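The lines below spell out each chain.
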Amino acid sequence: YRPYNQHSIRDILDIPWDKRVLMFVSQNINNYRKGYDLLLKALECVDNCFMMVIGAHTESLGNKNNVRYLDTVKDERLMAFYYAAADVFLLPSREDNLPNTMVESLCCGTPVVTMPNGGMTDIIKNGYNGYISEKVDANSFAEAINEYLAKGVSLNRNKIAEEAHRTFSPSMQAKAYLAVFS
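About the thresholds
- Residues numbered from 1 in each chain as written.
- Predicted model: local features only at pLDDT ≥ 70, side-chain atom pairs only at ≥ 80, totals over all residues.
- Heavy atoms only, no water.
- Helix = DSSP H or I, 4+ residues; strand = E, 2+ residues; numbered from the N terminus.
- Buried < 20%, exposed > 50% of the residue type's maximum accessible area, 1.4 Å probe, protein only.
- Core = buried A, V, L, I, M, F, W, Y, C linked by side-chain atoms within 4.5 Å.
- Contact = heavy atoms within 4.5 Å.
- Arc of directions from axis to C-beta.
- pLDDT = per-residue confidence, 0-100.
- Phe/Tyr/Trp six-rings, centres within 6.5 Å; stacked < 30°, edge-to-face > 60°.
- Lys NZ or Arg CZ within 6 Å of the ring centre and 35° of its normal.

This part is about unusual backbone geometry. Non-glycine residue D14 carries a positive phi angle of around 60°. With a phi close to 55°, N48 is a non-glycine residue in the positive phi region. One can find N48 in the loop between α2 (36-43) and β2 (49-55). For N48, a relative accessible area of 54% translates into the label exposed.

A few words on the nonpolar core. Side chains of nonpolar character tend, in soluble globular proteins, to be buried together. Counting residues in hydrophobic clusters, the biggest one holds 36 residues, and the most contacted among them are M23, M52, I54, Y82, M102 and L106. If you tally residues by element for this core, the top one is helix α3 (residues 76-85), at 7 residues. Leave out the neighbours within four places in its chain, and M52 touches I15, V21, L22, M23, F24, R68, Y82, A85 and A86. Counting 26 residues, the second-largest nonpolar core is a separate cluster that includes L90, Y131, F141 and A142.

Buried within α2 we find Y36, L38, L39, A42 and L43. Summarising the axial view, the buried residues of α2 lie within an arc of 155°, below the 170-degree limit, and thus occupy one face. Against the buried residues of α2 lie β1 (20-26), β2, β4 (88-91) and α6 (138-151).

Summary statistics for the protein give a mean pLDDT of 90 and a share of 95% for residues scoring 70 or more. Per-element confidence in the protein is highest for strand β5 (residues 112-114), whose mean pLDDT is 98, and lowest for strand β3 (residues 67-70), whose mean pLDDT is 84.

Let's shift gears to the packing of aromatic side chains. All chains considered together, the criterion is met by 5 aromatic pairs. Aromatic pair Y131 and Y148: ring centres 6.4 Å apart, planes at 70°, arrangement edge-to-face. Highlighted residues: Y131 in strand β6 (residues 130-132) and Y148 in helix α6, separated in sequence by 17 residues. Its relative accessible area of 4% is what places Y131 among the buried residues. An aromatic cluster is present here, built from Y1, Y83 and F89 joined pairwise through their rings. Positioned above the aromatic ring of W17, the side-chain terminus of R10 is 4.5 Å from the ring centre.

Looking now at the environment of F89. Here F89 lies in strand β4. On the basis of relative accessible area, F89 is assigned to the buried category, the value being 0%. C-alpha of F89 to C-alpha of S154: the two residues are 65 residues apart in sequence and 16 Å apart in space. Beyond its immediate sequence surroundings of up to four residues, F89 is in contact with M23, F24, V25, Y83, T101, M102, S105, T110, P111, V112 and V113.

Have a look at this one:
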């Protein structure tokens, strides 16, 4: 997972340029912990965006012109292209630890909007590489999405990716484990 040229990727994937592109990924939207119901409610308060839904889904997000439903993506490079095409990755989990999707998104340089739980609070910094909602509910999540859409983040996509690669590289993880065992 790495950054790609967003303009080129959007052209290849036929993703519109006149809207902000939001992305959500889940293999099981019926899992209460993943917060799909919160996402649906939050998106009612978000305007003029294009939504990519990858993985398991129901076509419940309304206007098909502003939503693209994609099946599970098993090819990592194609998945990285989708992250690169998105302006922001949405992670509405009620409970999670350190989700791979968040790490993948950051490694592609795509900011994350998420809930205040698990490892997300250790990695995502408001206005820096994404936003964390105040509470674990739809209204607060909508506010965090809209704050991102209004203000963006201070890091550019390449810096977000560089920081993520530094933080999550196998060598850094090995050093952390060695420090614990020392």
